[in-house]
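Inside the fold
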Amino acid sequence: MALAGVTPAYAQAVFMESEPNNNMPQAQFLNTDESKIVVFGDRVNNNRSSDWYKVWGSKDSVFDILVSTPGGSTYQNDPILGLFDSTGRELAFSDNLLGPYGLDAGIFNYRMLSSGYYYVAVSARGDRNFRGGGAGGRESIWTYNLSIGRTSVPEPSEWAVIGLSVMSVGGLMFRASRKSKIS
């Protein structure tokens with residue numbers, strides 16, 4: 001039996017890196033409305049380049065971005081991460097998170113100030129400007145998982161609906177409790 005209109009509680013879009021995506025104009029467009037995006041990328045055949053991704057961000061949405069290496073980050077596979085607006089202005093940068101993340105990179109709780117396209121860049125240590133290069137030689141050959149979580153913040157009109165819903169549930173619970181006391 002199929003259920004129509006059922007949405008999975010944890011929907012995500014999965015992409016494989018598609019070359020060339022070595023700079024902002026060549027950024028791979030992650031075209032999805034899902035709130036969770038996962039990209040499987042590598043630096044195997046392009047170990048001297050940066051990888052760029054283009055994603056939509058709504059005003060006041062919050063982004064959580066993490067790039068990790070499946071085998072565990074080390075000095076030989078040390079990713080860096082950048083977030084840019086549509087003009088190329090760097091909004092956030094991350095290198096080593098340390099702790100449980102090792103040398104992985106992450107940008108967390110970044111609130112978008114306006115709706116538009118944003119760019120996420122992944123590269124290796126030493127490529128601070130995301131122009132290619134960094135961590136030269138064979139130590140740049142590794143795979144990575146890029147995770148982008150987008151959380152939207154309710155609009156003021158949505159808060160009114162949420163408030164009315166809470167009040168309605170509260171009213172129903174009050175009526176039920178009063179009815180049980182009378183009986």
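Everything here concerns the structure above.
Here we summarise the structure given alongside this text. Sequence positions are assigned chain by chain, starting from 1 and proceeding in written order. In keeping with the model being predicted, local features are shown solely for residues with a pLDDT of at least 70 and side-chain atom pairs are shown and tallied solely at 80 or more, while totals for entire chains, interfaces and linings include all residues. Hydrogens are left out, water is left out, and the side-chain values use all remaining heavy atoms of the structure.

Points about the overall build of the protein chain
Each helix corresponds to a stretch of at least 4 residues labelled H or I by DSSP, and each strand to a stretch of at least 2 residues labelled E; elements are numbered beginning at the N terminus. When helices and strands are tallied, the protein chain shows 1 helix and 10 strands. Along the protein chain, helices (α) and strands (β) appear in the sequence β-β-β-β-β-β-β-β-β-β-α when read from the amino end. Contacts are residue-level and defined by heavy atoms, with any inter-residue pair within 4.5 Å sufficient. Considering only contacts within the protein chain whose residues lie at least 6 apart along the sequence, 74% involve residues at least 24 apart. With the model as given, the accessible surface of the protein chain reaches about 10,800 Å², and the carbon-plus-sulfur share is 56%. Each accessible area is a Shrake-Rupley estimate made with a 1.4 Å probe; only the visible protein chains count as cover when residues are assessed.

Things to note about the pattern of salt bridges
Should a side-chain nitrogen of Lys or Arg be within 4 Å of a carboxyl oxygen of Asp or Glu, the pair is scored as a salt bridge. Counting across every chain of the model gives 2 salt bridges. Between Arg128 and Glu90 there is a salt bridge; the shortest N-O distance is 2.8 Å. Of this pair, Arg128 sits in the loop between β9 (116-124) and β10 (143-151) while Glu90 sits in strand β7 (residues 90-94), and the two are 38 residues apart along the sequence. Judged by relative accessible area, Arg128 falls into the partly exposed class, the value being 37%. Note on classification: 1.4 Å probe, protein chains only; a residue is buried when its accessible area is under 20% of the maximum for its type, exposed when over 50%, partly exposed between these limits.

Re the sheet that holds β7
Should DSSP find at least two bridges between two strands, the strands are regarded as paired. Pairing in this open sheet of 5 strands is mixed, and the strands run β2-β4-β9-β6-β7 from one edge to the other. The sheet terminates laterally at β2 (28-29) and β7, the two strands that pair on one side only.

Some words on the sheet that holds strand β8 (residues 105-111)
Taken in spatial order, the 5 strands make up an open sheet running β1-β3-β10-β5-β8, and their pairing is mixed. Every other strand in the sheet has two partners, leaving β1 (13-16) and β8 as the edge strands with one partner each. Across this sheet, the average inter-strand angle for adjacent strands is 10°, counted without regard to direction. Strand direction decides the pairing type here: strand β3 (residues 36-42) and β10, joined by 7 bridges, are antiparallel. Bridged to Phe40 within β10 is Asn145. A fitted line through C-alpha atoms represents every axis, and for helices the fit uses only the stretch in contact; the resulting angles, taken between N-to-C directions, go from 0 to 180 degrees.

Things to note about the nonpolar core
What makes a nonpolar core is a set of buried Ala, Val, Leu, Ile, Met, Phe, Trp, Tyr and Cys residues whose side-chain atoms join them at distances within 4.5 Å. Core analysis: the largest hydrophobic core is formed by 24 residues, its most contacted members being Ile65, Leu81, Leu83, Leu146 and Ile148. Every element with two or more residues in this core is listed here: β1, β3, β4 (51-57), β5 (62-68), β6 (79-84), β8, β9 and β10. Counting residues per element, this core draws most heavily on β9, which supplies 4 residues. Ignoring sequence-local partners within four residues, the contact set of Leu83 consists of Ile65, Arg89, Glu90, Leu91, Ala92, Ile107, Tyr110, Met112, Tyr118, Tyr119 and Val120.

Things to note about the packing of aromatic side chains
Two aromatic rings, drawn from Phe, Tyr or Trp (for Trp, its six-membered ring), form a pair once their centres lie within 6.5 Å of each other, and the interplanar angle then sorts them: stacked below 30 degrees, edge-to-face above 60, tilted otherwise. In the structure shown here, the tally under the stated rule is 8 aromatic pairs. Here the aromatic rings of Trp52 and Phe130 are separated by 6.3 Å at their centres, their planes lie at 75°, and the arrangement is edge-to-face. Here Phe130 lies in the loop between β9 and β10 and Trp52 lies in strand β4, a separation of 78 residues in the sequence. Here the two residues Trp52 and Phe130 agree in accessibility, since each one is buried. When the ring of Trp142 is compared with that of Tyr144, the centres are 6.2 Å apart and the planes differ by 70°; the resulting orientation is edge-to-face. A single burial state applies to Trp142 and to Tyr144, both of which are buried. Joined through ring pairs, the aromatic side chains of Trp52, Phe84, Phe93 and Phe130 make up one cluster. The ring of Tyr117 has Lys54 sitting right over it, with the charged end atom 4.4 Å from the ring centre. Charge-over-ring placement is defined geometrically: NZ (Lys) or CZ (Arg) within 6 Å of the ring centre, and within 35 degrees of the ring normal. Over the ring of Phe93 we find Arg128; its NZ or CZ atom is 3.6 Å from the centre of that ring.

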